[in-house]
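For reference, the chains in residue letters:
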Amino acid sequence: MTRLTALNPDETIGKAKDLFNVIQSKLGVVPNMMRTMGNSPALLEGYLNLSGALSHGKLGAKTGELLALAVSEKNSCDYCLSAHTYIGEKLVHIDAETLNNARNAESTDAKTAAILKFANVVTAKQGLVDDADVDAVKAAGLTDGEIGEIVGHVALNVLTNYFNNVAKTAIDFPVVRAYNSVEA
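Along each chain, numbering runs from 1 in the same order as the chain's sequence is written. For this predicted model, a pLDDT threshold of at least 70 governs which residues receive local features, and a threshold of 80 or more governs which side-chain atom pairs are given and counted, while totals over whole chains, interfaces and linings are taken from all residues. Derived side-chain values reflect all non-hydrogen atoms in the structure, with water molecules and hydrogen atoms excluded from consideration.

Colleague: I keep staring at the packing of helix 3 (residues 41–55) against helix 9 (residues 144–167) and nothing clicks. Help me out?
Modeller: Packed helix pairs are specified by the crossing angle of their axes together with the interaxial distance, meaning the distance between the axes. With their axes 10 Å apart at the nearest point, helix 3 and helix 9 run at an angle of 150 degrees to one another. Handedness of the crossing formed by helix 3 with helix 9: left-handed. Together, L43, Y47, L50, S51 and L54 of helix 3 and E149, G152, H153, L156, L159, T160 and F163 of helix 9 make up the contact between the two elements. Note on residue classes: Ala, Val, Leu, Ile, Met, Phe, Trp, Tyr, Cys and Pro are nonpolar, Asp, Glu, Lys and Arg are charged, and everything else, Gly too, is polar. Residue composition of the contact of helix 3 with helix 9, grouped by class: 7 nonpolar, 4 polar and 1 charged. Note on definitions: angles span 0 to 180 degrees between N-to-C directions of axes, and those axes are lines fitted to C-alpha atoms, for helices only across the stretch in contact. Helical segments are the DSSP runs of H or I of at least four residues, strand segments are the runs of E of at least two, and each set is numbered from the N terminus. By definition, turning the near helix anticlockwise from the far helix through less than a right angle yields a left-handed crossing, and turning it clockwise yields a right-handed one. Contacts between residues were defined by any pair of non-hydrogen atoms, one from each residue, lying within 4.5 Å.

This is the structure we're talking about:
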């Protein structure tokens, strides 16, 4: 059972309604996570702004989806695993094996594997990485800017993971469960 209410876009007014209209025009639907975030238009706007900015980064949409899966698995967020598996497969056209591997921070591409591993290290160490962690991702060919983007993706996904885990957002995608799902 959900803990926070997902607003009905048809009954919402003000800033939340304006944001819902933008989301509806881009996606054709307002997903439950965004409907629930709409209770705080400031939160929803912040999420949309960071997500939008990172979508124009050097890492690209495919890597962004893979990062979302790696971080969401680490944080046991079933909502985000479900959403990003669907988006990765249907919109970004990533094959099922690649999507599944990303959940374990693995990839057949060495650079992508280094990105996913670093994201997991950042998540596990709560940002308190050491020199060897940064040296490893740099040795894989990542620039300082790309490393910054990885941290941005981790932060974005920690935000959505924690939000959905707190809210117990109703999953409105084909359901994917974390390997170590825990019910709080």
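Colleague: Would you mind going over the pattern of salt bridges with me for this structure?
Modeller: Any two side chains of opposite charge can pair, so long as their charged atoms come close to each other. Salt bridge criterion: a side-chain nitrogen from Lys or Arg within 4 Å of a carboxyl oxygen from Asp or Glu. Within the structure shown, the criterion is met by 8 salt bridges. Between R103 and E73 there is a salt bridge whose closest N-O contact spans 2.7 Å. Here E73 lies in helix 4 (residues 60–74) and R103 lies in helix 6 (residues 96–103), a separation of 30 residues in the sequence. Between E146 and K111 there is a salt bridge, with its nearest N and O atoms 3.6 Å apart. Placement of the pair is E146 in helix 9 and K111 in helix 7 (residues 110–124), with a sequence separation of 35 residues. The cut-offs for exposure are 20% and 50% of the maximum accessible area for each residue type, with area from a 1.4 Å probe on protein chains only; residues under the lower value are buried, those over the upper are exposed, and the others partly exposed. Here E146 falls in the buried class, since its relative accessible area comes to 6%. In the salt-bridge network here, residues are joined through shared partners; they are K125, D130 and D133.

Colleague: How do you make sense of the side chain of R35 when you look at a structure like this?
Modeller: You can see R35 is positioned in helix 2 (residues 32–37). If we skip the residues at most four places from it in the chain, R35 touches T5, A6, L7, N8, P9, F20 and V30.

Colleague: Explain helix 9 here, please?
Modeller: Expected span of a helix, by definition, is 1.5 Å for each gap between consecutive residues, and there is one gap fewer than residues. In a regular helix each residue adds 1.5 Å, so 24 residues correspond to 34 Å; helix 9 covers 34 Å between its end C-alpha atoms and thus fits that length. Following helix 9 by one or two positions, K168 adopts a phi angle in the positive range, close to 55 degrees.

Colleague: Where do I start with the environment of F163 in this structure?
Modeller: Counting through the fold element by element, F163 comes out in helix 9. When its relative accessible area of 13% is taken as the criterion, F163 is described as buried. Along the sequence, F163 and F20 sit 143 residues apart, while their C-alpha atoms lie 18 Å from each other.

Colleague: Teacher, can you tell me more about unusual backbone geometry here?
Modeller: Glycine aside, residues mostly have negative phi angles, and peptide bonds mostly take the trans form. Notably, S76 is not glycine yet its phi reads approximately 50 degrees, a positive angle. The backbone of Q126 shows a phi angle near 50 degrees, a positive value even though the residue is not glycine. Note that Q126 resides in the loop between helix 7 and helix 8 (131–139).

Colleague: Sorry, what's going on with the layout of surface pockets here?
Modeller: Think of a ball as big as a water molecule: rolled over the atoms, this probe shows where empty space is left. Here the largest pocket is characterised by a volume of approximately 1100 Å³. Cavity: a set of points on a 1 Å grid over the protein atoms alone where a 1.4 Å probe fits but cannot get out. Pocket: an open set with protein on both sides within 12 Å along at least five of seven lines, its lining residues, like those of a cavity, having an atom within 4 Å of a point. Surrounding the largest pocket, 36 residues form its lining, L27, M34, Y47, S51 and I87 being those nearest its centre. At the level of elements, helix 1 (14–27), helix 2, helix 3, helix 4, helix 5 (78–91) and helix 9 are the ones that each hand at least two residues to the lining of the largest pocket. The element contributing the most residues to the lining of the largest pocket is helix 3, with 8 residues. Looking at the lining of the largest pocket, its residues break down into 22 nonpolar, 10 polar and 4 charged. Grid points are joined across faces, edges and corners, and a volume is the space filled by probe spheres set on the points.

Colleague: Mind showing me how you'd approach the packing of aromatic side chains here?
Modeller: Geometrically, a pair of aromatic rings is defined through the distance of the ring centres and the angle of the planes. In this scheme Phe, Tyr and Trp rings, the latter by its six-membered ring, pair at centre separations within 6.5 Å, and the angle between planes marks the pair as stacked below 30 degrees, edge-to-face above 60, and tilted otherwise. Inspection of every chain in the model, using the stated rule, returns 2 aromatic pairs. Taking the centre distance of 5.9 Å and the plane angle of 80 degrees together, the rings of Y79 and F173 count as edge-to-face. Of this pair, Y79 sits in helix 5 while F173 is found in the segment after helix 9, placing the two residues 94 residues apart along the sequence. On the accessibility criterion, Y79 (5% relative accessible area) is buried.

Colleague: What am I meant to see in helix 7 here?
Modeller: Because an α-helix completes one turn every 3.6 residues, residues spaced three or four positions apart along the sequence face the same direction. Helix length check: helix 7 (15 residues) gives 21 Å between terminal C-alpha atoms against 21 Å at 1.5 Å per residue, within 8%. The elements touched by buried residues of helix 7 are helix 4, helix 6, helix 8 and helix 9. Downstream of helix 7 by one or two residues, Q126 has phi in the positive range, about 50 degrees.

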